[in-house]
Structure formats: structure tokens, C-alpha cells
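# Geometric and topological summary
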Amino acid sequence: MEITFKVYRKDPEKDGKPGRSNYTLELAEDATVLDALLKIRDESDSTLSFRGCCGRGYCGECMMRVNGSARLACTAKVPDYTKKGPEISLDPLRNVPVIKDLVFDWDAFMWNKIKEVKPWLEPESSPVNGENLASEAEMQDLRKVMSCFYCGMCDEGCTVLPVDFKFLGPAALTKAYRLAFDPRNKDSREQVKIVEKPKGIWDCVHCYEADEHCPRGIEPTKRIVALRDRAFNSGITHEAVARHHASFASSVKESGWLDEGRLAVESEGLTNVKGLMKLLPTAAKALARGKAPIPYMHSKRPDADKIKKIFEKAEQEEK
Amino acid sequence: MQEFDVLVIGGGASGLRAAISAKRAGASVGLISKVHPLRTNSAIAQGGLNAPLAKDDSPDSFAADTFLAGDELCDRDVVRAFTQEASKEVIWLERMGVPFNRDKEGRLDLRGFGSNSRNRTCYADDRTGYIVLQVLHEQFQREQIPSFEEWFVTSLVIEGGICVGAIALGLRNGKLDSFSARSIILASGGFTRFYLPSTASLGTTGDGQSLAYEAGARLMDMEMIQFHPLVFPKKQGLLITEAALNAGALIVNHKGESITDLKGMPRHKICLSIHHAMQNGGGGVSLDLRPIGKEKLRGYFPQTQELLRTVAGLDITKDLVPIRPLAHRPIGGIETNAAGETSVPGLFAVGECACNGLNGAGRLAGNTLTEAVVFGRRAGETAAKHATAGPKKSFPAAKVAEEEKQLARLFSGESSKDSLAKIHSELGHLMNEKVGLIRSGTGLQEALGQIQSLKDRYSRLRVKNPSRIYNYELTSYLELGSMLTLAEVVVLAAGARTESRGAHQRADFAERDDTNWKSHTLVSLVGGSGQLQKKPVAAG
């Protein structure tokens, strides 16, 4: 079959401006996008830069956008992309600095962020011979999380990264989970402390795009939420967002609905005078419109006791 | 210029383990890898790591199984060291955080694998290699070892017969830099990419062995190349772990008849059985995973299920998987002793690129990953000790300038109308045909002639892409050079061994010849061509 590839180009040694090159070539019916790229480099244009490593879906290196969607070039079968016509566009991943053509900066995108979460275990220095005893359930969960092959699809689909590239992102946060939840890690509080800081778990907007994108069903969002729970349970909650969560939950548990006034005040922190002062202009405006909720002067809603029971039941189950 | 006590070349399991142990032994360490460590081939190893942990097991039993798989070509002292240290290394991995599968008591679960006579293989689903690699990389990062990722080593530097470092090209910045070190450990992986198809990755091109060969080191048992019996035959073959056979999968011919009980046989025997079935039956052979059952397939072979679905479009709970034995990994490589030392002072080798006599003529399934960590640790410690003993040899300042000139030559002049891919494809085809499971004297002679003509064509090619930044035409060019060099060595060694033993089978010498051939083959580069020697198996 004859297919035309429209490939993103960028040359850091020339003007570094994005462009596109078109290549038309003859391919076998079972060709993958990587097969096509290798053929282009060999027969048409040896200046085309792209990465490829294992060639069969194991290693995650050849990630790129094929007709706009992120996927591995080595498992992308050409016929799957030519249903609307014999043209395929190839681009590097979104929201990532591009170095040259389809070669983007994995370090900035992922490897450096993983380094930030202190990605190693501090082993217990016990005099016991032999392996640590561990439950298969715990190990199975870790193996699931460690089946992450750093394909980058979760970070690529993340809705926060385009707005704030400094956000650690689902891949690095999942790595933090792997370490925080490994019972053999003497230092598991370390990872929680790191990710509880700005640009960490609290910056996730739980849009669940990461879970939708992950090809291995690792559910990064679930892991981020688990880290938040761990942060709460360990008393590691410095951020306003954490206080916001705690206040929201308390309010709903006690009265069945949200005490907005209390929420605003407790999110800033009862002793945070500077923060509380910042609320005054908004409070004044709300008062003028007759919409100012007075903190703690808050009635319970009907059936509030039923809602309280739901909280208590959930708390029981967690134990 | 970069300076380290110990320089590790290759970021897979054995390289990372060596780097960690050298650092912990007090040396300053640097690591160079042409791809990021988590993209290396260790990620593809599936089945598990052997260790004689069970109560009814012992290093002696483990050694006996290793000798049997090695068809009497294993060096006893190396086997002894390996089988005695395996358990310690595997426990170390667990303590560093590898989430191995567990039994009901919470201990490491041990499964049957290949021709191990006992259950002694620790595993992490069917992704053991990848998970072990991740934990090694975690500990590597803990040691804060400078890591030069996407750097391609272009030469080793030898001064007065001693290896004093290497020169490498940074793909990202396009610059050549020198890496001075007192100990250089090659951990650069296998070379089976010169078989097409094979289970090799694009970069499995034997650059380390080629560099060592050119630096004067000897290559041992290069004719011993392990074929894997269960490979879905794409160009980059998709391998199914032998643990599937142990779990109940069957190999069936095109009539659906099960090929005689292959469970527990050494790999080369399974390959030969399948090969004969294909020759005699005249049809293809398939793997039937259905007897394992849906639950166990999902639980124990999740990656196998996923990849066969995405790459081959097969549902292993319903479909048969067409398979063929394909070239998998080298058993031979750079000759080393049990401490990882090569015949070139200052140069060490470990892992897939090395050959220390452990595996003989056939590797016991499950030994490879254990080998990577046991000998990785040893090589690191030996290299660190070597680096602190004795005076430092200076790195010749002119070397980088010389290398620049050499590199420039590859870009200059008119390139012939040939292509790298065409030469590679022809090489891959001829190796499968003439240096496959069963070889013959005439076939090997023909192969030698064909390789020489391919080398000639290669020498008339030039690199057309003038850039040095992420120039994969350049790296492919250099990789093809490594493959042509090593292909010739393999053919020479295969031609020399006039017997059939383990992974090396000769149609014209069908029997094992213990009188003349209880020896390793050695090839060294002398006056521009390969010279052959024999080294008797160590009785130890």
C-alpha cells in the first residue's frame, strides 16, 4: 500500500522553527509506523530523527502522536490509520519540549520529575537473614504500579501540565506511590512529604484523564488520591488545599452540607492572619449582596444525621 | 574530559548492578548508556531469577542443572561461585524493593522453569526483568552516580596495552567527549540483531564486544547462540516465556497434535524438536496456552496476554500462537574470569556481552538475570579495587582529536548507492539460513564469503546526514559495523568447533566430541583478521 507520512520537523541547528516533511512510500500490509519511519530514514531522508528501541511494545521509547493521538509507533499498525485516506501525520507528544523532529525531551517531561520524588527505597537494616515476609496482595499492588513502563501517556493526557509544566504529573506521582506504599521502605514518609508540597498531589484536578490514557490500567489518579489519604492519615498536610479538604469533609459530616464561611476561613487557617485578611474584600462584596455566610452560624440540613452515618460507616470500613 | 575511577558502559541490569557495587566499594563511578536504562533489554526478560532458596534445594543441585544445560562446557569454578552467591543476591534484590510473587507464608514464591530440576525461580508476574531493572535503577539513582544517557561509545582507548577509558558521542549535544577511568566495565548487551528475525531489539548490535575485540580482548564461545523456542515470528520477535510450558501450555504441529512432552527439557532440545517437527511435518508449529486456563493466564501472564493482543492481534485464551525458534541471546562474548576481568588490563565485562564460562554450551532458563546481578556485583567490586591499586595511566590528550578525524571520514566522500538496511537485511537473512540452529561446514564457508562481500559494500557507504545531533543514521552505521565484525567471528568460531554440543549443532559433525572439544573457542583480532585458539574447560 502507498502511504504519505506528514512528519513534524524541527532543526535545532537551523532556525528551530517547526515545519513538516512529506514522505510517500510503499509499505507491506502489516507494516507499523516504526517500520515506515525506519524505511524513510534508510531510503528517503536520513536526517529524520526519531527514537525506536525494542520495536515491539515493551520499552515505551517510541511514543509519538499518530494522527493526533499518542501511542507507540512500533505497535501502531499503518492500516488502522488510513481508513479515511492514505495519509498519516506524525508529531511529537503534546506539552513537551521538542529537541529535534520527533525526538522530544524525556528528561524534562519525565525522568527529572521522577528524580524529584526521591525514587528509591531505604531498606530496613535488619539483622534477619532471608527475605522480608510480605503479603502477595501488597506485592501484587506494587507489581501493578511497577508495570508502568514510562510511556508518558498519562502525562501527555494530563490537563494540568499544559497550564503548569512544573506539576510533577501522574507518572512521577505514581512512582512516589510505589515507594510510599512499599512496606519495606523504612522511609516511606519521605515520598509523602515531597509530593505534599506545591506542584504535587494537591495540584491534581482529578480529571481522570491519566486513568483514561494509561495503557496498563495502573490508575494514576487513584494512586494520587491514595497519597492524599496517606498524607492526611500521617498528619502531613501543610497546604491550604489539604485544609480545604478537611474542612469541607467536617462540615458535610456535621451538618449535611457545606458551611461556606467556615470553609473559606479554615482553608486559609484560623491563625493565618494575612490569609484571613485577604478574604475581607470578597466577604464585604458578598455581604453587600446579602450572600455572606457567617462561619459556624450554620444550620443542619434535614436528614443530616443520615449523612453523618454514611461518613461513620466509611470511616469504619477504612479501619 | 570526564574522569572516574570506574566507568560502566551500558545501563541494563548488569551495568547498573556493577555501578552500584563499585560506588559502594568507594570508587567514583560514571555510567554511559546509548539509551535510557529503563529502555534496555533487561526490560524484556520475563521468566525469573534462579536461586537455591527452597529447603529441598542446594547450590550443588543448582550447579548440576547448570552443567546439564551447558552440555559439559561450563567452567566449574565459575559455576560454584555463581550457585553459592545466587541466593544472597536475590535476597538483596528483595530487600531493595523488588515485589516478587509470594507464597501463602509470605515468602518468595519459587516456580518451575525450563530444565531446573527443582522449583527455584523467583518471579514478578511475567515481567521479572523489567521490575528488577526498575529497582536496580532506583538504587542506582540513590547512589547519585553521574549517568550519561544517550551517549554512544565510539572507541575504547588503549595506552601501552592498558585500557584507560573511552570516547563517546553525546546524541543530544553532538559532541565527542573523553571518559578517563582506571577500570572500564563493558555491560553493553548482546548482538543477536544480526539475525533477522530474532528476539533482539533495534540496538542489540554487539557494540561492546566489537570494541573489546578491536582493543585486543578475546571473544569466547561465540558460536554458542541460544535460540528461544517460543517466539511469535515478527521482525522483532515476540517471545513467550518458557514458564508457560511449565504451567501447562502445549506445542502443537499444524495438525493440532501435541509435540512430545517438552516440559523440563533444556532450551536447545526444545528448539531442535520444534525444528524437526517443522521440517518433517511440513507445516508451522503453534503454542497452545489455553490449557493454562483463563484465570492463571490473567494472573501470571498479564504482559504476555497484553502484547500478543496489541502486537499480534491474538487472544491467548482462545487462539493458538504461531511460533518458531528464533535467535535470542548470545552465550558467548568477551572472555572474562569469574571476577569480570578480560585479558586487557583495566577492561572488564559483565552480563550479555561477556562470557565467563558459566553457561557452557547452553544457558539454564532463569540463570540470566541472576547472572547479571551476581557477576555485576563482582565486576563492580573488582573494578573498584583495581581502580584504587597502582598508579594511574594518563589519558592521551590527542585521542579526541584523532577520533574527530575518524568520525569526519565517515561523512566525507561519495556514498555508494547501497543502503544500510539492505546490507543489514541480507546479513540477517544469511545468518538465519547458514548460522542458525543447525550448521554445516559448507554453509559456514559460504556465509564467510557472503559476510566479507557485505563488509566490502559497507566500506563504500558514507553517512549522508551531516548533523551530529540525534543522528541515528550515524549510530545505525556504527552498529552495522559492529554486527558485521561479530558475524564474521561467530562464523569462524562455528566453523572451528567440529562437533555438536548444546546450542551449536553441526549437520556434518552430529556427535559431541569430548576428546577434542571439551574446550572453549577463542577468537582474537591479529593483523586485521580473526585468529582461533582453544581453551580447555576448567576442571575446578
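Each helix and strand counted, chain B has 15 helices and 22 strands in total. Computed over C-alpha atoms, the radius of gyration of chain B comes to 22 Å, within 12% of the 24 Å expected from 2.2 N^0.38 for 540 residues, which places it in the range of a compact globule. If you line up chain B on its principal axes, its C-alpha atoms span 65 × 50 × 50 Å. Evaluated residue by residue, chain B yields a buried proportion of 58% over its 540 residues.

Residues and elements named next belong to chain A. Taken as a whole, chain A is organised into domain 1 (2-103), domain 2 (106-123 + 137-233) and domain 3 (242-318). Taking the mean C-alpha position of each, domain 1 and domain 2 sit 29 Å from one another. Domain 1 puts 10 residues into the contact, and the matching count from domain 2 is 10 residues. Each residue belonging to the side of domain 1 that touches domain 2 can be placed in one class, and the counts come to seven nonpolar, two polar and one charged.

Attention now goes to the domain arrangement of chain B. Residue and element names in this part refer to chain B. Each assigned domain of chain B is listed with its residue range as follows: domain 1 (2-223 + 329-388), domain 2 (228-328) and domain 3 (400-536). Computed from C-alpha atoms alone, the centre-to-centre distance between domain 1 and domain 3 is 23 Å. Broken down by secondary-structure element, the contributors of at least two residues to the side of domain 1 that touches domain 3 are strand E7 (151-159), strand E8 (162-170), strand E9 (176-186), helix H5 (207-214) and strand E10 (219-220). No other element matches H5, which puts five residues into the side of domain 1 that touches domain 3. Of the residues contributing to the side of domain 1 that touches domain 3, the split by class is 16 nonpolar, 13 polar and 10 charged.

For the rest of this paragraph, the subject is the sheet that holds strand E2 (residues 19-26) of chain A. All names here are of chain A. Overall, mixed pairing links the five strands, which are arranged E2-E1-E5-E3-E4 in an open sheet. The sheet is open, and its two edges are formed by E2 and strand E4 (69-72), each paired on a single side. Between one strand axis and the next, the sheet turns through 30° on average, direction left out of account. Two elements, strand E3 (residues 63-66) and E4, share four bridges in a ladder whose sense is antiparallel. When the bridges of E4 are listed, Met 64 appears paired with Arg 71. Along the sheet face, helix H1 (residues 33-44) touches strand E1 (2-9), E2, E3 and strand E5 (87-91) and points at about 95° away from the line of E2.

The next thing to look at is the environment of Met 63 of chain A. All names here are of chain A. Locating Met 63 in the fold gives a position in strand E3. Once the C-alpha coordinates of Met 63 and Gly 52 are considered, the two residues, 11 residues apart in sequence, prove to be 8.7 Å apart. Look past the residues within four positions of Met 63 in its chain and what remains in contact with it is Ala 70, Leu 72, Leu 93, Cys 151 and Gly 152.

What follows is about the environment of Pro 18 of chain A. All names here are of chain A. One can find Pro 18 in the loop between E1 and E2. Taking the C-beta count within 10 Å as the criterion, Pro 18 has 13 such neighbours and is therefore assigned partly exposed. Ignoring any residue separated from it by four or fewer positions in sequence, one finds Pro 18 in contact with Tyr 8 and Lys 10.

Here we come to the packing of helix H5 (residues 169-180) of chain A against helix H6 (residues 188-195) of chain A. Residues and elements named next belong to chain A. Contact geometry for H5 and H6: axes closest at 8 Å, N-to-C directions at 155°. Considered as vectors, H5 and H6 are oriented roughly antiparallel to each other. Here H5 runs over H6; the crossing is left-handed. Contacts between H5 and H6 pair Leu 173, Ala 176, Leu 179 and Ala 180 from the former with Ser 188, Gln 191, Val 192, Ile 194 and Val 195 from the latter.

This part is about the sheet that holds strand E15 (residues 321-330) of chain B. Residue and element names in this part refer to chain B. On the basis of which strands lie adjacent, the open sheet formed by five strands has the order E12-E11-E15-E14-E13 and antiparallel pairing. Two strands close off the open sheet at either side, each with one partner strand: strand E12 (238-239) and strand E13 (250-253). Pairing analysis gives two bridges linking strand E11 (residues 225-232) to E12, with the strands arranged antiparallel. Bridged to Phe 232 within E12 is Leu 238. Sheet strands touched by helix H7 (residues 267-281): E11, E13, strand E14 (285-288) and E15. Its angle to E11, the strand with the most contacts, is close to 60°.

Moving on, we come to the pairing of strand E22 (residues 529-536) of chain B. Residues and elements named next belong to chain B. With eight bridges connecting them, strand E21 (residues 519-526) and E22 associate as antiparallel partners. From the neighbouring strand, Thr 521 faces E22, where its bridge partner is Lys 534. Hairpin connection from E21 to E22: two residues lie between these consecutive antiparallel strands, with Gly 527 at a positive phi of about 55°.

All right, on to the packing of helix H3 (residues 76-95) of chain B against helix H10 (residues 367-388) of chain B then. Residues and elements named next belong to chain B. Following both chains from N to C, one finds H3 and H10 inclined at 95°, their axes separated by 9 Å at the closest point. Accordingly, the angle class assigned to the pair H3 and H10 is roughly perpendicular. In this structure, H3 uses Phe 82, Glu 85, Ala 86, Glu 89, Val 90 and Leu 93 to contact H10, whose residues at the interface are Thr 370, Glu 371, Val 373, Val 374 and Arg 377. Partitioning the contact of H3 with H10 into residue classes produces six nonpolar, one polar and four charged.

Contact with chain A, which involves 45 residues of that partner, is made by 48 residues of chain B. The dominant element in the side of chain A that touches chain B, judged by the number of residues it contributes, is helix H3 (residues 136-145) of chain A, at four residues. A breakdown of the residues in the side of chain A that touches chain B according to their chemical character gives 20 nonpolar, 12 polar and 13 charged.

Moving on: helix H12 (residues 304-318) of chain A. Compared with the 21 Å implied by 1.5 Å per residue over 15 residues, the 22 Å span of H12 of chain A between its first and last C-alpha is a close match. Across the 15 residues of H12 of chain A, zero count as buried, placing the element largely on the outside.

Let us look at the nonpolar core. Nonpolar side chains tend to gather and get buried jointly when the protein is soluble and globular. All names here are of chain B. In this structure, Val 6, Ile 184 and Ile 185 are the most contacted members of the largest nonpolar core, which totals 240 residues. In terms of residues, this core owes the most to one element, helix H14 (residues 472-496), which gives 14 residues. With sequence-adjacent residues up to four places away left out, Ile 184 is seen in contact with Leu 7, Ile 9, Leu 156, Cys 163, Gly 165, Ala 166, Gly 346, Leu 347 and Phe 348.

Excluding glycine, residues mostly carry a negative phi; peptide bonds, for their part, are mostly trans. A cis amide bond links Leu 196 of chain B to the next residue, Pro 197 of chain B, at an omega of -5°. Relative to the assigned elements, Pro 197 of chain B resides in the loop between E9 and H5. At His 206 of chain A, a residue that is not glycine, the phi angle is positive and equals roughly 35°. Summarising the element assignment, His 206 of chain A is placed in the loop between H6 and helix H7 (209-213). Residue His 206 of chain A is classed as partly exposed on the basis of its 13 C-beta neighbours within 10 Å. Phi at Tyr 208 of chain A takes a positive value of approximately 70°, unusual for a residue other than glycine. Considering the arrangement of structural elements, one finds Tyr 208 of chain A in the loop between H6 and H7.

Another aspect to go through is the pairing of E11 of chain B. Residues and elements named next belong to chain B. With respect to burial, E11 is a largely interior element, eight of its eight residues being buried. Taken together, the five bridges between E11 and E15 define a ladder with antiparallel strand orientation. Its bridge partner lying in E15, Phe 227 is registered against Ala 327.

Reading the values: rules and limits
- Residues numbered from 1 in each chain as written.
- Chains lettered and ligands numbered in written order.
- Predicted model: local features only at pLDDT ≥ 70, side-chain atom pairs only at ≥ 80, totals over all residues.
- Helix = DSSP H or I, 4+ residues; strand = E, 2+ residues; numbered from the N terminus.
- Rg over C-alpha atoms; globule rule 2.2 N^0.38 Å.
- Buried ≥ 20, exposed ≤ 12 C-beta atoms within 10 Å, placed from the backbone.
- Domains from an automatic or database assignment.
- Contact = placed C-beta atoms within 7 Å.
- Nonpolar A, V, L, I, M, F, W, Y, C, P; charged D, E, K, R; others polar.
- Pairing = 2+ DSSP bridges.
- Axes fitted to C-alpha atoms, helices over the stretch in contact; angles between N-to-C directions.
- Parallel < 35°, antiparallel > 145°, perpendicular 65-115°, else oblique.
- Left-handed = near helix turned anticlockwise from the far one by under 90°.
- Expected span 1.5 Å × (residues − 1).
- Core = buried A, V, L, I, M, F, W, Y, C linked by C-beta atoms within 7 Å.

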